[in-house]
Amino acid sequence: MNFSYETPRLILRVLQDEYSPAVLKFYLDNREVFEQYEAVRPDNFYTEQYQKTVLHVEYNMACRLTAVRFYVFRKEDPAQIIGSISFRNIIRAAQQSCEAGYKFDTRFWHQGYASEALRQGIAVVFSDLALHRIEANVVPSNLPSVRLLERLGFSYEGLARQSARIRGKWEDHARYAIINETTL
């Protein structure tokens, strides 16, 4: 697996800790939207030091292929992070699976960037990592995210009741999955 990929409009990169100012800006710019769908964050989350530590941990996880987060940049502005896609909980053995996550700067919604980035990420997971299955969990009321998964070929598999604590409350999540047809 490479730590950088390109699509027609995008660059996807695993980042090292020197990108912590850009990552912090990405989170601060989208704080209100992102926090609607995520766990309560530690008090120091919105600090450069916290992001630096996370980037260091994520880089090491990518080196070990236990989780991979690609930050997404437009080719026309390779300094600004517009999103991230992640593949975590990579399980080998019998499952050969992982879980996908994604978030994009609200200023870049509805322009096809999430689809383009995730298509590339799925290709990497299925070809370079040779995994069989990718799962994604989404709050059912997040209809844009549900439609994105369906457009990418994910199938609805059911409702995981009270599966994640979001903003201090246990929330149901719709489980979607896509199968690598070449590993059947």
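If you're wondering where the values come from, they're calculated on a predicted model, not measured in any experiment. (Residues numbered from 1 in each chain as written. Predicted model: local features only at pLDDT ≥ 70, side-chain atom pairs only at ≥ 80, totals over all residues. Heavy atoms only, no water.)

Caption draft 1: Local environment of unusual backbone geometry. Phi is positive for Asn89, close to 50 degrees, though the residue is something other than glycine. On the secondary structure map, Asn89 appears in strand β4 (residues 77-91). The phi dihedral of Ala130 is positive, around 55 degrees, even though this residue is not glycine. Secondary-structure assignment places Ala130 in the loop between α4 (113-128) and β6 (133-138). Given the relative accessible area of 43%, Ala130 is considered partly exposed. (Helix = DSSP H or I, 4+ residues; strand = E, 2+ residues; numbered from the N terminus. Buried < 20%, exposed > 50% of the residue type's maximum accessible area, 1.4 Å probe, protein only.)

Caption draft 2: Local environment of the nonpolar core. Counting residues in hydrophobic clusters, the biggest one holds 37 residues, and the most contacted among them are Ile85, Phe87, Val125, Ile134 and Phe154. Where this core is concerned, the elements lending two or more residues are β2 (10-13), β3 (68-74), β4, β5 (97-104), α4, β6, α5 (143-151) and β8 (169-179). Excluding anything up to four places from it in sequence, Val125 contacts Phe87, Cys98, Ala130, Leu131 and Ile134. Counting residues in each nonpolar core, the second largest holds 13 residues, with Val23, Tyr27, Phe34 and Tyr46 among its members. (Core = buried A, V, L, I, M, F, W, Y, C linked by side-chain atoms within 4.5 Å. Contact = heavy atoms within 4.5 Å.)

Caption draft 3: Seen up close, helix α1 (residues 20-29). Considered for burial, the residues of α1 that qualify are Ser20, Val23, Leu24, Phe26 and Tyr27. Considered in projection along α1, the buried side chains sweep an arc of 155 degrees and stay on one side of the axis. Tucked into the core, α1 has its buried residues touching α2 (31-34), α3 (48-64), β3, β4 and β5. (Arc of directions from axis to C-beta.)

Caption draft 4: Focus on the pattern of salt bridges. Applying the stated rule across the entire model yields 16 salt bridges. Between Arg31 and Glu35 there is a salt bridge, with the nearest N and O atoms lying 3.3 Å from each other. Since its relative accessible area comes to 38%, Arg31 is described here as partly exposed. (Salt bridge = Lys/Arg side-chain N within 4 Å of Asp/Glu carboxyl O.)

Caption draft 5: Local environment of the sheet that holds strand β1 (residues 4-6). Spatial strand order, β1-β2-β3-β4-β5-β6-β8-β7: 8 strands in an open sheet with mixed pairing. Pairing within the sheet leaves two strands with one partner each, and these edge strands are β1 and β7 (155-166). The average undirected angle you get between the axes of adjacent strands in this sheet is 30 degrees. Note: β5 against β6, 4 bridges, orientation parallel. Pairing of Cys98 across the sheet is with Ile134, part of β6. The sheet contacts of α1 involve β3, β4 and β5, and relative to β4 the element is tilted by about 85 degrees. (Pairing = 2+ DSSP bridges. Axes fitted to C-alpha atoms, helices over the stretch in contact; angles between N-to-C directions.)

Caption draft 6: The side chain of Ser84, seen in detail. Locating Ser84 in the fold gives a position in strand β4. Here the side chain of Ser84 touches Arg69 through a polar contact of 3.1 Å, side chain to side chain. Not counting residues within four places of it along the chain, the set of residues in contact with Ser84 comprises Phe26, Arg69, Phe70, Tyr71, Val72, Gly101, Tyr102, Lys103 and Phe104. (Polar contact = N/O pair within 3.5 Å; in protein donor to acceptor, adjacent residues only side chain to side chain.)

Caption draft 7: Looking closely at the pairing of β4. The sheet contact formed by β3 and β4 spans 7 bridges and is antiparallel. Residue pairing for β4: Arg74 is matched across the bridge by Asp77. Hairpin connection, β3 to β4: the antiparallel pair is bridged by 2 residues. The pairing of β4 with β5 spans 7 bridges and is antiparallel.

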